[in-house]
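# Working through the structure, step by step
Each chain, written out:
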Amino acid sequence: MGKTYERIDGRLRTFIEAQPLFFTATAPLAGDGTINLSPKGISGSFAVIDEHTVAYLDFAGSNAETVAHLRENGRITLMWTAFQGPPNIVRVHGRGEPVFRDDPRWAELLGHFPAVDPTPHGLRAIIVVTAELVRDTCGYAVPFMSYDEDRDLHAKRFAREDDASLSEYFTKKEYIAQSIDGLPGLPLPLPPTTV
């Protein structure tokens, strides 16, 4: 049923780029640490950079568990599943890195996301993942579900924030500057973007 691939190309790339939703999973090194699983899905916020590298835009939210775990150990799994058409699940296991707004690579990485305006979403990092293991499985037990459209609530909520007010918002949240397990999370205050 399952198959391992050396790269993200052809059918795999077409499949993951067509999905409106994907999931990220990370965990701290501590055996009793909190495992994090997050859905991602704003149209245009995911990109295949090359056959071994993918990236996604990390927007404002009420925690920063993925960022904290990646800063500690870099381990991440991304998963896409077909809710329409032939059944399929694709997982990319790899090493991830949060690239923050003051990083010299910021502008170049942001160029991989021409279909989304990150401004109203409180963009705080770009997560870059280098694939170490790429696998697909059948997905026979995944139900059919339809995608209607993106919700506009995230953009409406964060469009009214500038860098200063967004930093203030993050400072008030318990799990932004550090994770649930006390790991360093998002650096605050937010640095200005290099673009």
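That block above? That's the structure.
Residues numbered from 1 in each chain as written. Predicted model: local features only at pLDDT ≥ 70, side-chain atom pairs only at ≥ 80, totals over all residues. Heavy atoms only, no water.

### Side note on unusual backbone geometry
The omega angle of the peptide bond from Leu188 to Pro189 is 0°, so this bond is cis rather than trans. With respect to the helices and strands, the residue Pro189 is situated in the segment after α5 (163–172). (Helix = DSSP H or I, 4+ residues; strand = E, 2+ residues; numbered from the N terminus.)

### Things to note about the pattern of salt bridges
Considering all chains together, one arrives at eleven salt bridges under this definition. We note a salt bridge from Arg124 to Asp58, for which the minimum N-O separation is 2.7 Å. Of this pair, Arg124 sits in the loop between α3 (106–110) and β8 (125–137) while Asp58 sits in strand β5 (residues 53–58), placing them 66 residues apart in sequence. For Arg124, a relative accessible area of 4% gives the class buried. Asp58 sits in the buried class, given a relative accessible area of 3%. Among the salt bridges present, the one from Lys156 reaches Asp152, with a minimum N-O distance of 3.1 Å. Residue Asp152 is classed as partly exposed on the basis of its relative accessible area of 41%. (Salt bridge = Lys/Arg side-chain N within 4 Å of Asp/Glu carboxyl O. Buried < 20%, exposed > 50% of the residue type's maximum accessible area, 1.4 Å probe, protein only.)

### Here's the deal with the pairing of strand β3 (residues 36–40)
Covered by surrounding structure in β3 are Asn36, Ser38 and Lys40 only, the residues Leu37 and Pro39 on the alternate face being uncovered. In this structure, strand β2 (residues 22–26) lies alongside β3, joined through five bridges in antiparallel fashion. Of the residues in β3, the one forming a bridge with Thr24 is Ser38. (Pairing = 2+ DSSP bridges.)

### Comments concerning helix α1 (residues 10–18)
In an α-helix, one turn spans 3.6 residues, which is why side chains three or four residues apart end up on the same side. Those residues of α1 that sit buried are Leu12, Phe15 and Ile16. Looking straight down α1, one finds that the buried residues subtend no more than 90° of arc, so they occupy a single side. In α1, the exposed residues that point more than 90 degrees away from the buried face are Thr14 and Ala18. For α1, the elements touching its buried residues are β1 (3–5), β4 (46–50), β6 (75–81), β7 (89–100) and β8. (Arc of directions from axis to C-beta. Contact = heavy atoms within 4.5 Å.)

### Topic: the packing of aromatic side chains
Summed over the entire model, instances satisfying the criterion amount to six aromatic pairs. Relative to Trp80, the ring of Phe46 lies with its centre 5.3 Å away and its plane at 70°, an arrangement referred to as edge-to-face. With Phe46 in strand β4 and Trp80 in strand β6, this pair connects stretches of sequence that are 34 residues apart. With respect to class, Phe46 is no different from Trp80; both count as buried. With 5.4 Å between their ring centres and 80° between their planes, Phe158 and Tyr169 make a pair best called edge-to-face. Residue Phe158 is found in helix α4 (residues 153–158), and its partner Tyr169 is found in helix α5; the two are separated by eleven residues along the sequence. (Phe/Tyr/Trp six-rings, centres within 6.5 Å; stacked < 30°, edge-to-face > 60°.)

### Let's talk about helix α2 (residues 65–72)
The buried fraction of α2 amounts to six of the eight residues, a majority that puts the element mostly inside the structure. When we look at burial in α2, the residues that qualify are Glu65, Thr66, Val67, Ala68, His69 and Leu70. Next to the buried residues of α2 lie β2, β3, β5, β6, β7 and β8. Count one or two residues on from α2 and you reach Gly74, which has phi positive near 80°.

### Comments concerning the environment of Pro86
In this structure, Pro86 sits in the loop between β6 and β7. Pro86 sits 52 residues away from Cys138 along the chain, and the two C-alpha atoms are 9.0 Å apart.

### Side note on the pairing of β5
Burial within β5 is extensive, with six of its six residues counted as buried. Note: β4 against β5, four bridges, orientation antiparallel. If you follow Val48 over to β5, its bridge partner there is Val54. A loop of two residues connects β4 with β5, the two strands running antiparallel in sequence. Direction of pairing for β5 relative to β8: antiparallel, over a ladder of six bridges.

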